[in-house]
Amino acid sequence: MQLSFGMIFSIILIIVFIAFAFYVIKILIEGQEEATVLLFKEDLEEDIEKIWKGSGSITKPEGYKLTKKIEMVCFVDYSSPEKGENSEIYRKLKQVYYEYENMFFYPVGSGAGLDATTIRHIDLEKMTESENPYCIENKDGRIILTIKKGYNEELVLVER
């Protein structure tokens, strides 16, 4: 069978277009995961800020959407030693700890470019006094947690 140059060129172009389409789809999916992680962080910070500014209150358990690649969201105090059931994670998360971070996504690398961040106005010492790191499990792409602040308390607690 003889194929003309035009036919061969057309087949090559079709292959290039298909490869390019798969590449673009891959980038869009990765961008979606990154956006989901950033939205989780922003929503959590916003809710903590609301409770922190108030005189004291408890929110109902809140569900936050998160990518399924993240198994746990952990709060870690690196000024105190590891303890509790998730103590083996302590050293793994330290790989992405630079100086001020207190919230981490486990496993390391699953946060779509955001493996660790700083959440302000939380009582990290109280949260991690019996468990350091204090981790909340991701169940089917949802993190369920309660944010509370008692009367006469300065900082907010994040609980399972």
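Residues numbered from 1 in each chain as written. Predicted model: local features only at pLDDT ≥ 70, side-chain atom pairs only at ≥ 80, totals over all residues. Heavy atoms only, no water.

How do you make sense of unusual backbone geometry when you look at a structure like this?
Leave glycine aside and you will find that most residues have negative phi; peptide bonds, for their part, are mostly trans. In this chain, tyrosine 106 is followed by proline 107 through a cis amide linkage whose omega measures 0 degrees. With respect to the secondary-structure elements, proline 107 resides in the loop between strand E4 (103-106) and strand E5 (116-117). In this structure, proline 133 follows asparagine 132 across a cis peptide bond, with omega equal to 10 degrees. The residue proline 133 is located in the loop between helix H3 (124-127) and strand E6 (134-137) in this model. The backbone of histidine 121 sits at a positive phi, close to 70 degrees, despite the residue not being glycine. Structurally, histidine 121 is set in the loop between E5 and H3. Among the residues examined, histidine 121 registers a relative accessible area of 17% and is labelled buried. (Helix = DSSP H or I, 4+ residues; strand = E, 2+ residues; numbered from the N terminus. Buried < 20%, exposed > 50% of the residue type's maximum accessible area, 1.4 Å probe, protein only.)

Help me understand the state of the cysteines in this model?
Formally, a disulfide is one covalent bond, and it connects the sulfur atom of one cysteine to the sulfur atom of another. Taken as a whole and judged by the stated rule, the model has 1 disulfide. Here cysteine 74 engages in a disulfide with cysteine 135; their sulfurs sit 2.1 Å apart. Looking down the S-S bond of the cysteine 74 and cysteine 135 bridge, the torsion is 105 degrees, so its handedness is right-handed. Placement of the pair is cysteine 74 in strand E3 (residues 72-75) and cysteine 135 in strand E6, with a sequence separation of 61 residues. With a relative accessible area of 0%, cysteine 74 lands in the buried category. Residue cysteine 135 is classed as buried on the basis of its relative accessible area, which comes to 3%. (Disulfide = S-S within 2.5 Å.)

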